[in-house]
Amino acid sequence: MVGAACALYAARAGLDVALVDRGPVAGGTTGAGEGNLLVSDKEPGPELELALLSLRLWDELADELGPAVEYEPKGGVVVASAPEGLAALEGLAAEQRAAGVEAVDVPANRLRDLEPHLAPGLTGGVLYPQDRQVMPALAAAHLVRASRARLLTGRTVTGVLRTRQGAVRGVRTDRGDVHAPAVVNAAGTWSGEVAALAGVTLPVLPRRGFVLVTEPLPPRVRHKVYAADYVADVASDSAALQTSPVVEGTAAGPVLIGASRERVGFDRSFSLPVARALAAGATRLFPFLEQVRAMRTYLGFRPYMPDHLPAVGPDPRAPGLYHACGHEGAGIGLSTGTGHLIAQILGGGRPELDLTPFRPERFEQEAV
Amino acid sequence: MPTDLAVIGAGPAGLAASIAAAARGVRVTLVDAAPSAGGQFYRQPATGLGARRAQALHHQWRTWTRLREGLDRHIAAGRVTHLTDHHVWNVERTSTGLTVHALSGPEQETPVAVRADAVLLATGGYERVLPFPGWTLPGVLTAGGAQAMLKGTLVVPGGRVVVAGTGPLLLPVATGLAAAGVAVAALVESAGPEDFARHAGALAAQPGKAVEGALYTARLLRHRVRILPRHTVLEAHGDDRLEAVTVAALDPAGRPRPGTARRIPCDTLAVGHGMLPHTELADTLGCRIDGVAGVAVDDEQRTDVPGVWAAGEATGIGGAALALAEGHIAGRSIAARLSGTAPDPRQWERVARSRAALRRFSTTLDGVYAPPAHWADQVDDATVVCRCEEVRAGTVREAVGRLGAGDLRTVKLLTRAGMGWCQGRICTPGVAGVAGCAPTAARSPFARPVPLDVLAREPLQEGPDAC
């Protein structure tokens, strides 16, 4: 998704773009995502600024691509089940409002106006009208198509070409070289490997997540609904399994149930305990789901960075190399802003946002 | 109390394994979705049909009687517990062994868990049906479905029937229907005599099978059923339901011969294109799967996951006789391994030889029975290829042509083909063919849909002694 967005905005900035992927379009984490475009789960700071920029760009793209990408400005509802949780949630919402986010406190007795099938006994929540959803694989494919970039799928990058002075001048693939004065590393969870080919380190780690998919239902969950502890899980650094209920309907009918986070490497095996925890969380929020059947699960590997911020921008250690990766679970949402900023700096202009917090070499400097 | 061995599937492989293991002192829990043992092949009840089958397929009928009696004896002695109407949705590896998770009850909502030291996956196969224009019309059913109606309920499809497609199932289906008094208008088989001639040597090595085929053919001729080898169904016609099919002869390249198309009026079309193995439970357990061929096993029928064996169609489509041989070997291997000894394969040498011969034979059949090479060309853009999600062939082609999908997973993501109720079990071969990508085995950690409240709570253990 991030690569597709970089290709689109770079092409629109007048650059000649080739998009190289060892797999198919949306073959990595994009194809395993829920397609969340969220501001609700972000604390004020650089990531939220990138999210707000991205949302604006998503709205523009949605006008252009129409329903092909299943874009739904449905809004998010975060709910709390205890007074302490609600206080923390409302505190966060107040800070987010100050940062430009629309956030509306919802008292307990109004929650069911928003979501009629919510469990009784919740203490309140916050409505985030700006939260959106998109079908990520369709979005990636349509952005690639709209970019008219040369699409080189099924080609594995095996090396980064450098001049004698060290400047990047393209990539070597298993099916020939692709020459370019600028190389954007948008390899998601596998970006660390691409960075290593250029001789630089980028500490991207996989953080596994499962999504449970139900049978198709008539629309009963209107927003993206999740429990307040989700924000804490997103921000956590723990490698152990964490699950917090995230429930949302889809245009196609099935309800998607997340979210689990665990750092177990690239282990693709199914975990029944994780599926059980997801089911338990979702049925607590929406009791009607108890009788609904789970059809399947899918899993993906979020590109996790130690400080939960992506790497966006030029790499001074390898001139000509740019990074656009490490967005963890927010890559779909943050892709447009990332692509836009990358295109701005590739075109020699000043990026709309300060990229200092996203500097790819920031971890190395800390180590020194 | 946990069981020693959980056998999933009470078809030929599962029954042979249960009996072989129980006879060697293993406590067996046989878990099966059907109300009675037999699987697809020995589907029950067969009252009334029994005499007719016994006449035509005497050796198979005798085998079934022996299996049934063996099972009853072990059940009576308490060595085998038979859980009928239990639908297994997942097999879980735990720190202490394996747990088989099933759903029972009229709505399949009651969770049942069986703890076992060893599991045999005898999950069988299912029919492959490739799409063609009109295949979703009422009146079109699978060849296996027609046979199940005949064997299971003794209800026969009404009116004139055309049996079409490819594979060894078509002959017995057409014969069975004709013998039951149904007017079979034609048997349309895309394999031709030259395909059989090419493999004459290997086929002759199984004289029993050849005799079986000759018997079927003779009976079809007696019932005046028209056999159209090297033909295919191009289209099924009808407004609300099936009224006719257009069939055409195939040229050596597998394309319809111009000028040979003709219309055959019919009320029912029973169509099938061979079988595929059920591999989802194995896949979720992490067993190695050989593409779409089946679960990979060694000479003892062991998968590469400790404690998990597989036998029968799940390890590759080969028919009931092969399933019996594999099941028997699996049962003996499990009995030895559970008692901590390595089995001596010489003890089942005769069965192993028969297994080898039957596997060679089924490989030969795979070469004989193949859908026409260019079948997907006949599928026009308007034809629905995924019925659950109502995805048309044109949408799949667009995902490949315009959106750059080059593999089945991407096609699925971009079109929703294979994401519906059947989870791709029915449509995957058709979608792959239309997309021009390699087919992959259907995958889901849930071999069948499971209610979220069942998933949400840890089930009580249930084994032979807890029932």
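Our structure's up above, just so we're on the same page.
Residues numbered from 1 in each chain as written. Chains lettered and ligands numbered in written order. Predicted model: local features only at pLDDT ≥ 70, side-chain atom pairs only at ≥ 80, totals over all residues.

1. Overview of the interface of chain A and chain B
Quite often, the size of an interface is put as the accessible area lost when its parts meet.
Then, in step 1: Taken together, the contact pairs 33 residues of chain A with 27 residues of chain B.
Then, in step 2: For the side of chain A that touches chain B, the elements supplying multiple residues, two or more each, are helix 5 (136-147), strand 7 (150-153), helix 8 (272-285) and strand 16 (293-304) of chain A.
Then, in step 3: At seven residues, the largest contribution of residues to the side of chain A that touches chain B is made by helix 8 of chain A.
Then, in step 4: Of the pairings in the sheet, the one linking strand 16 of chain A to strand 22 (residues 450-451) of chain B comprises two bridges and is antiparallel in character. Considered in strand 22 of chain B, the bridge of Ala294 of chain A is made with Val450 of chain B. (Contact = placed C-beta atoms within 7 Å. Helix = DSSP H or I, 4+ residues; strand = E, 2+ residues; numbered from the N terminus. Pairing = 2+ DSSP bridges.)

2. Topic: the environment of Gly316 of chain B
Residue and element names in this part refer to chain B.
Then, in step 1: Assignment of secondary structure puts Gly316 in the loop between strand 19 (308-310) and helix 10 (320-338).
Then, in step 2: When the C-alpha atoms of Gly316 and Ala21 are compared, they prove to be 22 Å apart, with 295 residues separating the residues in sequence.
Then, in step 3: Not counting chain neighbours up to four residues away, the residues in contact with Gly316 comprise Pro277, Ala293 and Gly294.

3. Describing the packing of helix 1 (residues 12-22) of chain B against helix 10 of chain B
Helices that pack against each other are described as a pair by the angle of their axes relative to one another and the distance between those axes.
Residue and element names in this part refer to chain B.
Then, in step 1: The geometry of helix 1 relative to helix 10 is characterised by a closest axis approach of 7 Å and an angle of 30° between their N-to-C directions. Accordingly, the angle class assigned to the pair helix 1 and helix 10 is roughly parallel. Crossing hand, helix 1 versus helix 10: right-handed. In contact with Pro12, Ala13, Gly14, Leu15, Ala16, Ala17, Ser18, Ile19, Ala20 and Ala21 of helix 1, helix 10 contributes Ala320, Ala323, Leu324, Glu326, Gly327, His328, Ala330, Gly331, Arg332, Ile334 and Ala335.
Then, in step 2: Of the residues in the contact of helix 1 with helix 10, the class split is 14 nonpolar, five polar and two charged. (Axes fitted to C-alpha atoms, helices over the stretch in contact; angles between N-to-C directions. Parallel < 35°, antiparallel > 145°, perpendicular 65-115°, else oblique. Left-handed = near helix turned anticlockwise from the far one by under 90°. Nonpolar A, V, L, I, M, F, W, Y, C, P; charged D, E, K, R; others polar.)

4. Comments concerning the sheet that holds strand 8 (residues 157-162) of chain A
Consider a sheet: its strands pair through backbone hydrogen bonds, and that pairing is either parallel or antiparallel.
Residue and element names in this part refer to chain A.
Then, in step 1: Strand order in this open sheet of three strands is 8-9-10, and the pairing throughout is antiparallel. Of all the strands in the sheet, just strand 8 and strand 10 (176-179) have a single pairing partner and so form its edges. Geometrically, the sheet is characterised by an average inter-axis angle of 25° between neighbouring strands, direction not taken into account.
Then, in step 2: Examined bridge by bridge, strand 9 (residues 168-173) and strand 10 share four bridges and lie antiparallel to one another. Its bridge partner lying in strand 10, Val171 is registered against Val178.

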